[in-house]
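Fold and contact review
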Amino acid sequence: MARRVYLHIGAPKTGSTYVQNVLWSNRDRLAQTGILLPGSAVAQDQAMADLRAAPWRDPEVYWTWDRLAEKARQWPGDVIISNEGLGAATGEQAARAVTSLGAGEIHVIVVGRDLWRTFPSFWQQSVRARSGWRFEEFLRAVEEGRCEVFWENHTAVRMLRRWGDLVPAQRRHLVTVPAPGAPPEVLWHRFAGIVGIDDGRCELTVPAANPSLGAVEIELLRRVNRKLGDRYPLRTPYRRVVHRHLVDAVLKQRADQQRFGIGLDRADWVLDLAEAQIKELRDYPCQIVGDLDDLRPAKLTPAGTPDAADDDHLLDVAIETIVDLLGHAHTLDERAEQQPDDVLSRLKNRAAGGVKRRLRRVIRRDGR
């Protein structure tokens, strides 16, 4: 049975991509020191979706939560499971997850970020998950108490109460995201100190962030989502098509993107929310790594809003995006022509892998 299991459950947009990149790129080094990352990043994502019974989960995937938990239980050292989607699990699902990991020492790690940066990040992430609502619609919904999903799935307080209450107070950890301008290594060292990774053990030369889209680019994607209708309704096909070919290949690559954010007219509202959040976390029994002051917005700078994107400018960007998409398609065609045997081989291997997975499921089912 694992000695300790560290569940890093979120929140989304709190530097989790950076932390996970460091973890997975140093997986072998960590294993040598007795720390296991079970499965793979994809496997942990599949297990998270299975635990939450998420509507986008693929019933054909191999990695269920029970399989991941079994791998964790079999390891004699420490285990790290890191997926920011875990924080959105219900209380019942969280309890099932903790119980499934056995009677070892379970730790829960939640990362918190100031609301001034979190609000725009949450809205952008929702658009990149196929939403079509405007930024102003989202902010108004939060103001009017009509967006509980934000508080439940993207704030440290709610996650700690669902997950942290399942373990003793000394095993609940809140990490705060440093103020803007701090080097990414600060967040890593805060996280690493909890899980017992010594300084210098891991190589930190990995991408530090998951690039955000600018105001015009995210507005263009929002309008594309509205026009998609019934096409690509599920998470996996949407990611394979829209994310791969439009977001990752084109929109993320555009230069001179204009950042967007909350207008200064809402500054007092955000500051009041931040103070209430800080007070609630100060009263909650957990181990704080960093400083609760990090959750107080440090720089209330004016920023444009995607809702104000000029239609003429948006049209220009849309045309440039089409041109870039054509270039992307041409590159894919050239690669396919230059490596037809490799492509065919990969397709055959993928098909064979699918057959093997189906056979394994049949054998396991009949074996019961």
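Structure first, text after, so check above.
Residues numbered from 1 in each chain as written. Predicted model: local features only at pLDDT ≥ 70, side-chain atom pairs only at ≥ 80, totals over all residues. Heavy atoms only, no water.

**Regarding the sheet that holds strand 6 (residues 287–289)**
The six strands are arranged 2-3-1-4-5-6 in an open sheet whose pairing can be described as parallel. Looking at strand neighbours, the two that pair on one side only are strand 2 (35–36) and strand 6, the edges of this open sheet. Here strand 1 (residues 4–8) runs beside strand 3 (residues 78–82); their pairing, made up of five bridges, is parallel. Residue pairing across strands places Y6 opposite I80, the latter belonging to strand 3. Across the sheet, helix 9 (residues 156–163) touches strand 1, strand 4 (105–112) and strand 5 (172–176), and the angle it forms with strand 4 is around 170°. (Pairing = 2+ DSSP bridges. Helix = DSSP H or I, 4+ residues; strand = E, 2+ residues; numbered from the N terminus. Contact = heavy atoms within 4.5 Å. Axes fitted to C-alpha atoms, helices over the stretch in contact; angles between N-to-C directions.)

**So, empty space enclosed by the protein**
On inspection of all chains with the given rule, the structure shows one cavity of 30 Å³ or more. Roughly 60 Å³ of volume is contained in the largest cavity. Residue lining of the largest cavity: A11, V111, G112, R113, T118, H154, T155, A156, Q277, L281 and L295, and that is the complete set. Of the residues assigned to the lining of the largest cavity, the class counts are five nonpolar, five polar and one charged. (1 Å grid on protein atoms, 1.4 Å probe; cavity = no way out; pocket = protein on both sides within 12 Å on 5 of 7 lines; lining within 4 Å. Points joined across faces, edges and corners; volume = space filled by probe spheres on them. Nonpolar A, V, L, I, M, F, W, Y, C, P; charged D, E, K, R; others polar.)

**Quick word on the packing of aromatic side chains**
Inspection of the entire model under this criterion finds 15 aromatic pairs. With 5.4 Å between their ring centres and 5° between their planes, F119 and W269 make a pair best called stacked. Remark: W269 occurs in helix 13 (residues 267–283) and F119 occurs in helix 6 (residues 115–127); sequence separation between them is 150 residues. Cluster of aromatic residues (ring-pair linked, three or more members): F119, F122, W123, W133, F135, F138, F150, W151, F260 and W269. A cation sits over an aromatic face here: R67 above W63, 4.6 Å from the ring centre. (Phe/Tyr/Trp six-rings, centres within 6.5 Å; stacked < 30°, edge-to-face > 60°. Lys NZ or Arg CZ within 6 Å of the ring centre and 35° of its normal.)

**A short note on the nonpolar core**
Counting 39 residues, the largest nonpolar core has L7, W65, I81 and W163 as the members making the most contacts within it. Looking at this core, the elements that each hand over two or more residues are strand 1, helix 3 (41–52), helix 4 (65–74), strand 3, helix 5 (91–100), strand 4, helix 9 and helix 13. Considering each element in turn, this core owes the most residues, five residues, to helix 9. Apart from residues no more than four positions distant in its own chain, I81 is found in contact with V5, Y6, L7, H8, P38, Q44, W65, L68, L86 and L101. Within the second largest apolar cluster, 32 residues are counted, among which are F122, F138, A267 and V270. (Core = buried A, V, L, I, M, F, W, Y, C linked by side-chain atoms within 4.5 Å. Buried < 20%, exposed > 50% of the residue type's maximum accessible area, 1.4 Å probe, protein only.)

**Let's talk about the side chain of S121**
Within the element layout of this structure, S121 appears in helix 6. By relative accessible area, S121 is classed as buried at 11%. Of note is the side chain of S121, whose polar atom sits 3.0 Å from the backbone oxygen of R117. Apart from residues lying up to four places away in sequence, S121 is in contact with K13 and R113. (Polar contact = N/O pair within 3.5 Å; in protein donor to acceptor, adjacent residues only side chain to side chain.)

**Examining the packing of helix 11 (residues 215–228) against helix 14 (residues 311–338)**
Orientation of helix 11 relative to helix 14, taken along the N-to-C sense of each, is 80°, at an axis distance of 10 Å. Overall, the two elements helix 11 and helix 14 adopt an arrangement that is roughly perpendicular. Where helix 11 abuts helix 14, its residues V216, E219, L220 and R223 lie against D311, H313, L314, V317, A318 and T321. Broken down by class, the residue content of the contact of helix 11 with helix 14 amounts to five nonpolar, two polar and three charged. (Parallel < 35°, antiparallel > 145°, perpendicular 65-115°, else oblique.)

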